[in-house]
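# Analysis of the macromolecular model
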Amino acid sequence: MTKYNGWMCLKRRHLWHVVPGFGGSIAAVFSLAVLLTPSVAQEAATTQVAPAAGESLNPAPERRPVFVDRTADFGLTIGSGPVAWGDINNDGWPDLYAGGAVWINNLGMNGNTPPAFTRIAAPGNGLIADLNNDGIGDLVSISPIAIYIGHLGEDGMRFDKLALPELPETVCRGAVVGDFNNDGFLDVYFGGYENWEKQVTYPSFMLLSTQGAGFSLRIMTSEHRSRGVTACDFDEDGDLDIYVSNYRLQPNLLWVNDGSGDFSDKAEHFNVIATSEAFRGGHSIGACWGDFDNDGHFDLFAGNFAHVDSRGDQPKNRFLRSRGPTHGWTFEDLAECGVWYQESYASPACADFDNDTRLDLFFTTVYADASFGHKNYPVLYRNTSGDDAWSFADVTDGSGLEKLPPTYQAAWADVDGDGRLDLVTAGRLYMNVGTSDAQYLGVRLQGDGTTINKQAVGAQARIALPDGQILSRQVELGTGEGNANSPILHFGLGSFTGPVTVAILWPNGKTQSVVVPAVGRTIDVQYADESEDGWPE
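Being a predicted model, the structure only gives us computed values, none of them experimental.

### A short note on the overall build of the protein
- Looking only at helices and strands, the protein features 2 helices and 44 strands.
- Of all 537 residues assigned to the protein, the portion counted as buried reaches 61%.
- Of the contacts made within the protein by residues no fewer than 6 positions apart, 57% connect residues no fewer than 24 positions apart.

### Let's talk about the nonpolar core
- In terms of nonpolar packing, the biggest core is built from 45 residues, with Val140, Phe190, Leu441, Val443, Leu445 and Val502 touching the most fellow members.
- Apart from the residues lying within four places of it in its own chain, the contact partners of valine 140 are Tyr97, Asn125, Gly126, Leu127, Ala129, Leu131, Ala146, Ile147, Val177, Val188 and Phe190.

### Comments concerning the pattern of salt bridges
- Taken as a whole and assessed by the stated rule, the structure comprises 20 salt bridges.
- A salt bridge links arginine 358 to aspartate 356; the nearest nitrogen and oxygen atoms lie 3.2 Å apart.
- Look at arginine 358 and you get buried, because its relative accessible area is 15%.
- On the basis of relative accessible area, aspartate 356 is assigned to the buried category, the value being 1%.
- Taken together, the salt bridges that share partners define one network made up of Asp354, Asp356, Arg358 and Arg382.

### Brief notes about the sheet that holds strand 28 (residues 318-322)
- On the basis of which strands lie adjacent, the open sheet formed by 4 strands has the order 24-25-28-29 and antiparallel pairing. Pairing within the sheet leaves two strands with one partner each, and these edge strands are strand 24 (283-290) and strand 29 (331-333). Along the sheet, successive strands turn relative to each other by an average axial angle of 20°, direction set aside.
- Bridging between strand 25 (residues 299-305) and strand 28 involves 3 bridges; their strand directions are antiparallel. If you follow leucine 300 over to strand 28, its bridge partner there is leucine 320.

### Comments concerning the environment of glycine 492
- Within the element layout of this structure, glycine 492 appears in strand 40 (residues 489-494).
- The buried category is assigned to glycine 492, whose relative accessible area is 0%.
- Separated by 137 residues in sequence, glycine 492 and asparagine 355 place their C-alpha atoms 3.7 Å apart.
- Ignoring anything within four residues of it in the chain, the contact list for glycine 492 reads Asp352, Asn355, Thr357, Gln439, Tyr440, Leu471 and Arg473.

### Focus on the pairing of strand 36 (residues 428-432)
- Within strand 36, 4 of the 5 residues are buried, which leaves the element mostly enclosed by the surrounding structure.
- For strand 5 (residues 67-69) and strand 36, the ladder comprises 3 bridges, and the chain directions are antiparallel. Bridging from a neighbouring strand, valine 68 pairs with methionine 431 of strand 36.
- Relative to strand 36, strand 35 (residues 422-425) runs antiparallel, the two sharing 3 bridges. Across the sheet, threonine 425 pairs through a bridge with arginine 428, a residue of strand 36.
- The loop that links strand 35 with its antiparallel partner strand 36 comprises 2 residues; one of these, alanine 426, has a positive phi angle of about 55°.

### Brief notes about the sheet that holds strand 13 (residues 156-161)
- Overall, antiparallel pairing links the 4 strands, which are arranged 10-11-12-13 in an open sheet. Looking along the sheet, the strands with just one partner apiece sit at the ends: strand 10 (126-129) and strand 13. Within this sheet the neighbouring strands show an average axis-to-axis angle of 25°, counted without direction.
- For strand 10 and strand 11 (residues 138-142), the ladder comprises 4 bridges, and the chain directions are antiparallel. Looking at strand 11, one finds that leucine 127 is bridged to valine 140.

Parameters and conventions
- Residues numbered from 1 in each chain as written.
- Predicted model: local features only at pLDDT ≥ 70, side-chain atom pairs only at ≥ 80, totals over all residues.
- Heavy atoms only, no water.
- Helix = DSSP H or I, 4+ residues; strand = E, 2+ residues; numbered from the N terminus.
- Buried < 20%, exposed > 50% of the residue type's maximum accessible area, 1.4 Å probe, protein only.
- Contact = heavy atoms within 4.5 Å.
- Core = buried A, V, L, I, M, F, W, Y, C linked by side-chain atoms within 4.5 Å.
- Salt bridge = Lys/Arg side-chain N within 4 Å of Asp/Glu carboxyl O.
- Pairing = 2+ DSSP bridges.
- Axes fitted to C-alpha atoms, helices over the stretch in contact; angles between N-to-C directions.

This is how it looks when you write it as structure tokens:
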């Protein structure tokens, strides 16, 4: 691996121009090399003529997804706890933290030659995050709550437990990692759940980094029984906000960040409680942020377990559409949008699995047999939304994901670098082998480790397409209930072959643009000091 002009590069094949701001109109200030995923790199760049007004870049034929279980082939034992993708050894390929181990992804080095993964014993279950900005992943365990610092040497990988301040007794089902006070180091929010037999509500708390050396404790709330936790700078003001899914018909929380790491719950103000008439809240288990309508702003899907019986018609799942800056960043409740009712829906995860530009949804269930003898199964939904309405179609049948067992696991990553997102769920790794005629671009953002945390957690990236769509993705560590998608951003581009401009909003509110002449590959982009302030108006 070679370092060139601040980029870590596998192969130097093209020179690109990095331009401050979002317009791309300023002259290039320096050239950078690219990180190409070897198995998918394309040598030739072609440019597609912009479509006529009203014409979409989404391919006309509707492609059926196909997923194949490769768990045994890859030698994986995933278990039933949380699943998280992350690049533990900083080689540009997503590794998996699950089943009491970190599974190092060798596909980038070995291709199809075994072993596909190497198992490293690891304590706990939770998330991979570079907490001290040394370029090596650390472990955030939610069960039990602990922090383990990763070390990579000649003898391989090891994890040392970090001393923490005295923590309150709690039970945690979900956590999220982000630089919540913008000091350049990652912090952790742990959601506190319950002891049902004793009717105890456990506190939720935050561990704030002390410049990567340790953590200080901040209690957030002791009034809510939290499940999944996820974060997003939904109002694009340069600081991460936190969404908490609460159970037992309690209202969900939206912790809005004031920029210094102080939070206030404004879920009601922004209309994201995710409930229905006559209920204060739902049985929310997990939620996921995503730009479902390609308008450049992050929307929210809240997953609700819901009884429909003598206890009432409880709040069901909600798509919450961002109304953007013109409406004060409030959300419109669009209800289910085609997500049909099952009692035991649990952990959602969104991704563009068919590369048609639109974010789709995988949604788990946790009862095999629900009330009144109804079978429940996880569902794969394809985003079929048009200009006038949001809609999601069940495409599970024939996908290879039919009749999966109960599970809280759902996390996406392009495991083999072929441009198709793969899924870990129900203790299995399902590789996406569907048709690959649609284009894509992977983007791996890197902070400088001083101003911006090394993993660029909290950064957002946009691609504007000729048909008017603005695709948005974010680097996040925490989705659904206790899971994490790959931090490598994935843009499905439909039939568009480029060139594209990737605009980046860094966690400190600075923006940067990168002109990409050809797609069908994964690139690295490092934070540049020449970045400008905020998205352009």
